[in-house]
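# Structural overview
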Amino acid sequence: MRHICVLGSTGSIGVSTLDVIRAHPHLFKVESLTAHSNIELLAKQCEEFKPKMVVLGSADVANRLNALLKTMGLNISVEHGAEALVTASTLTSVDTVMAAIVGAAGLLPTIEAAKLGKRILLANKEALVMAGDIFMSAVASSGAELLPIDSEHNAIYQCLPDANTSNGGSRGKYASLGVKEILLTASGGPFRNHSLDQLKEVTPDQACAHPNWVMGRKISVDSATMMNKGLEVIEAHHLFGLPSEQIKVLIHPQSVVHSMVRYIDGSVIAQLGQPDMKTPIAYGLGWPLRIDAGVKELDFATAHDLSFEPVDLQRFPCLSLSYQALAVGGLSPTILNAANEVAVDAFLNHRIRFTQIAELVERVLDQTQVIGAMSLEGILEADKTARQHAQLMVKGLNI
Ligand code: NAD
Ligand code: MG
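Residues numbered from 1 in each chain as written. Chains lettered and ligands numbered in written order. Predicted model: local features only at pLDDT ≥ 70, side-chain atom pairs only at ≥ 80, totals over all residues.

### Regarding the packing of helix α6 (residues 125-142) against helix α11 (residues 227-240)
- The geometry of α6 relative to α11 is characterised by a closest axis approach of 9 Å and an angle of 25° between their N-to-C directions. What the angle tells us is that α6 and α11 run roughly parallel. Considering the relative orientation of α6 and α11, their crossing is left-handed. Residues Lys125, Glu126, Leu128, Val129, Gly132 and Met136 of α6 pack against Leu231, Glu232, Ile234, Glu235 and His238 of α11.
- For the contact of α6 with α11, the per-class residue count stands at five nonpolar, two polar and four charged. (Axes fitted to C-alpha atoms, helices over the stretch in contact; angles between N-to-C directions. Helix = DSSP H or I, 4+ residues; strand = E, 2+ residues; numbered from the N terminus. Parallel < 35°, antiparallel > 145°, perpendicular 65-115°, else oblique. Left-handed = near helix turned anticlockwise from the far one by under 90°. Contact = placed C-beta atoms within 7 Å. Nonpolar A, V, L, I, M, F, W, Y, C, P; charged D, E, K, R; others polar.)

Structure (structure tokens):
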């Protein structure tokens, strides 16, 4: 039996994780859950899964949940704040952590669990973008099992030569195993065919209406700008130890082929499935065994169009910015991620236009000089500086 902490249990990935866990009560026991503020849903999850401990974002919501749990007759420890997130992910009884907090807030509880050698199911790509080298060395020195949950990376993981035998044992050595490159597929989001002029006018609700996937609002906007694919290129670089020249992106509007690996002999191996995150989540929870994810089968008896096309970098500059940040290296990906988080938040709150997200990220990348050590503290400091810089720029932009 695996003992699980779900960081971000009230979000899209968190809820899907609990759906898979619910279907296998003999395989999984929930030890701790965390959420930012949705106490109604967290209370329901407490009633069903009876964790030892839950964590919320502030004292106010923690007190309210505590009162609610008392009326429900549940004796569960309720804490709040950043340190409590680390307590939840590093409990001795926890052996598996689903990292499904959105954004930089997920970094510390995830990396601290990795240092202790726990199995990490990584959905929170921002953690790897901002601190990839440090995160991966924490995994290597503790021997933690790191399983990608992001659907593209989960697909690539399944298509690599050693998926079921060695967890990351061949990281950085894939070229010697005949891997030529990896092909990350991208749906292109809701604005795949929009002109630049049309992109200037799109609203947050339109950006969050993804054609294939149901996701949280931040990643939905990232999918619409294609920053999501840019973050995924950086994520793939760290997860698989491949240089950026061997990480390609192509548009595949149907989101059925989740990604592919091209080998030197001409073979291309792809992973296919429904666009439903329960498949990669079940893969990570069950690894190396396969378990039922509760996902509808792909039906090949009805016609499927699987089409592929190149990306238009003019309309989706966030992808180029990500490749550039990866090439510059150092703290650039940290700055890219921080600026993007601020820009997406400003767009969702109607303070900047959709097309200004890329402009803002580019300006913050150009103008933020951070000379810091590549330590966790240095990264958190660069994250903070870039956010302050981005916030000032938001104020200066006219919508
Ligand atoms: P979401 O917005 O639906 O959920 C986010 C969760 O994080 C919620 O439980 C929320 O309470 C918690 N949270 C938010 N801010 C927090 C903070 N400051 N401190 C602590 N907790 C906080 O997001 P999601 O779509 O579930 O995505 C979660 C992560 O998984 C993201 O990093 C995203 O990029 C990644 N991901 C999601 C999908 C998907 O299909 N949804 C696919 C691939 C990767
Ligand atoms: Mg993805």
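### Quick word on the pairing of strand β3 (residues 53-56)
- Where strand β2 (residues 28-34) lies against β3, three bridges are found, and the strand directions are parallel. Paired with Thr34 across the strands is Val55, a residue of β3.
- Handedness of the crossover joining β2 and β3 through helix α2 (residues 39-49) is recorded here as right-handed.
- Pairing between β3 and strand β4 (residues 77-80): four bridges, direction parallel. Across the sheet, residue Val54 finds its bridge partner in β4, namely Val78.
- Between the parallel pair β3 and β4, the chain is carried across by helix α3 (residues 59-71), and the sense of this crossover is right-handed. (Pairing = 2+ DSSP bridges. Right-handed = clockwise from strand over helix to strand, strands pointing away.)

### Here we look at the pairing of strand β10 (residues 257-263)
- Bridge analysis of strand β8 (residues 179-186) against β10 gives five bridges, and the strand direction is antiparallel. Along β10, the bridge assignment pairs Leu184 with Ser259.
- The sheet contact formed by β10 and strand β11 (residues 268-272) spans five bridges and is antiparallel. Opposite Val261, over in β11, you have Ile269 as the bridge partner.
- Where β10 folds back onto β11 in an antiparallel hairpin, the turn is made up of four residues, including Gly266, whose phi is positive at roughly 100°.

### What to know about helix α13 (residues 317-328)
- Its 12 residues give α13 an end-to-end C-alpha distance of 17 Å, which sits within 8% of 16 Å, the value for a rise of 1.5 Å per residue.
- Taken as a whole, α13 has its buried residues at Cys318, Leu319, Leu321, Ser322, Ala325 and Leu326. Within α13, the buried residues cover an arc of 160° as seen down the axis, which keeps them to one side.
- Residues of α13 that are buried make contact with α10 (217-225), α11, β9 (247-251), α14 (332-348) and α15 (355-367).
- Directly beyond the C-terminal end of α13, a positive phi value near 75° is found at Gly329. (Expected span 1.5 Å × (residues − 1). Buried ≥ 20, exposed ≤ 12 C-beta atoms within 10 Å, placed from the backbone. Arc of directions from axis to C-beta.)

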